[in-house]
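One letter stands for each residue in the lines below.
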Amino acid sequence: MSSFIKIDHLSKNFGDLEVLRDINIDVREGEVICIIGPSGSGKSTLLRCINQLENPTGGRIIYNEKDIMAGEMSLRDMREEVGMVFQRFNLFPMKTVLQNVMLAPILTKKLNKAEAKQTAMELLGKVGLADKADVYPHTLSGGQQQRVAIARALAMKPKALLFDEPTSALDPELVGDVLEVMRELAKEGMTMIVVTHEMGFARDVCDRVIFMADGYIVEQGNPEDVFTNPKEERTRAFLSRILEN
Ligand code: ADP
Ligand code: MG
């Protein structure tokens, strides 16, 4: 089966600093991939390259057989199809929850307000926040804000979602609700690449775990194998540090 997102010999330098080195990943439609690895290993940069928030230095990103860096798909089309959810939710503070979710589809998909509102309300229902439509983001908990951010990403009807440590800025008791929403999306067949250290989530939900260090993919495999029987010493050392916490 052909891949949905193909990352082919991708590299990224910031000046002399090599942040990504020869990254190769094939993501199939509906697959959920989890990326783990120490801070500074290039995980965020990889996600940012995938949806072109950063320009890769070398290699290719093929999305549905279209070479993104060669301009075979416009940046705008690609951003509509590949959504991103950040560690810090980046909601618009001066807009209500509902407005946050409605805004992008009105601007980019030229939906009329009534259509956008209906979709937004459905999505807020889906993330369990229909009753918060008219409040401002700062009145919500971090976990609620992150669920709004997920609803906002879904409003574009993306074909894939990238998550960059979506729960790591949250108080522990708020993590579960966000993971629950992500679990649901995975079950519905959303293609997802998730940078996370939530091992329970990775084990239950992800089809594949990729361990990165120093800009390389050190090891990948199904979560059970990687977590219980890592092949590489670096993976073992990293996991034992994480599991201690
Ligand atoms: P991770 O998400 O795994 O913690 P990052 O992708 O954020 O790692 O960062 C990888 C490396 O790239 C780090 O050394 C970081 O300092 C560096 N880096 C990230 N963004 C930039 C940038 N815009 N300019 C220069 N260096 C950067
Ligand atoms: Mg990061």
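Before any of the text, the structure's been laid out above.
Residues numbered from 1 in each chain as written. Chains lettered and ligands numbered in written order. Predicted model: local features only at pLDDT ≥ 70, side-chain atom pairs only at ≥ 80, totals over all residues. Heavy atoms only, no water.

1. Comments concerning the sheet that holds strand β6 (residues 82–85)
Strand pairing in a sheet takes place through backbone hydrogen bonds and is either antiparallel or parallel in direction.
Piece 1. If you trace the six strands from one edge of the open sheet to the other, you get β6-β7-β8-β3-β9-β10, paired in mixed fashion. Among the strands making up the open sheet, the edge pair consists of β6 and β10 (216–221). Across the sheet, the mean angle separating the axes of adjacent strands is 20 degrees when strand polarity is ignored.
Piece 2. With four bridges joining them, strand β3 (residues 32–36) and strand β9 (residues 208–213) adopt parallel strand pairing. Across the sheet, the residue bridging to Ile36 is Phe211, located in β9. (Pairing = 2+ DSSP bridges. Helix = DSSP H or I, 4+ residues; strand = E, 2+ residues; numbered from the N terminus. Axes fitted to C-alpha atoms, helices over the stretch in contact; angles between N-to-C directions.)

2. Some points on the state of the cysteines
Piece 1. Applying the stated criterion to the full structure yields zero disulfides.
Piece 2. We note that Cys206 lacks a disulfide partner, and the nearest cysteine sulfur, in Cys34, lies 4.2 Å from it.
Piece 3. On the basis of relative accessible area, Cys206 is assigned to the buried category, the value being 7%. (Disulfide = S-S within 2.5 Å. Buried < 20%, exposed > 50% of the residue type's maximum accessible area, 1.4 Å probe, protein only.)

3. Regarding the nonpolar core
Piece 1. One finds Ile36, Leu124, Ile150, Phe163, Met182 and Met192 to be the most contacted residues of the largest nonpolar core, which totals 51 residues.
Piece 2. Per-element accounting of this core gives the leading share, seven residues, to helix α6 (residues 172–187).
Piece 3. Those residues within four positions of Ile36 in sequence are excluded, and the remaining contacts are Lys43, Thr196, His197, Met199, Val209, Ile210, Phe211, Met212, Phe227, Phe238 and Leu239.
Piece 4. Ile7, Leu20, Ile50 and Met84 belong to the second largest nonpolar core, which has 28 residues in total. (Core = buried A, V, L, I, M, F, W, Y, C linked by side-chain atoms within 4.5 Å. Contact = heavy atoms within 4.5 Å.)

4. Considerations on the environment of His9
Piece 1. Its place among the elements puts His9 in strand β1 (residues 5–14).
Piece 2. Measuring from C-alpha to C-alpha, the distance between His9 and Val127 comes to 36 Å, with 118 residues separating the pair along the chain.
Piece 3. If we ignore the near neighbours within four places in the chain, the residues touching His9 are Asp22, Ile23, Asn24, Gly58 and Gly59.
Piece 4. A polar atom in the side chain of His9 sits 2.5 Å from the side chain of Asp22. (Polar contact = N/O pair within 3.5 Å; in protein donor to acceptor, adjacent residues only side chain to side chain.)

5. Some details on the site of ligand 1
Piece 1. By nearness alone, every residue bordering ligand 1 is listed as Phe14, Leu17, Val19, Pro38, Ser39, Gly40, Ser41, Gly42, Lys43, Ser44 and Thr45.
Piece 2. The backbone of Ser41 places a nitrogen or oxygen atom 3.1 Å from an oxygen atom of ligand 1.
Piece 3. Taking Gly42, its main chain carries an N or O atom lying 3.0 Å from an oxygen atom of ligand 1.
Piece 4. Within the complex, the protein chains bury 60% of what would otherwise be the 560 Å² of accessible surface of ligand 1.
Piece 5. Sorting the residues of the shell around ligand 1 by element identifies β2 (17–27) and α1 (43–50) as the ones contributing at least two each.
Piece 6. Counting residues per element, the shell around ligand 1 draws most heavily on α1, which supplies three residues. (Near = heavy atom within 4 Å. Areas by Shrake-Rupley, 256 points an atom, 1.4 Å probe, with all protein chains shown as cover.)

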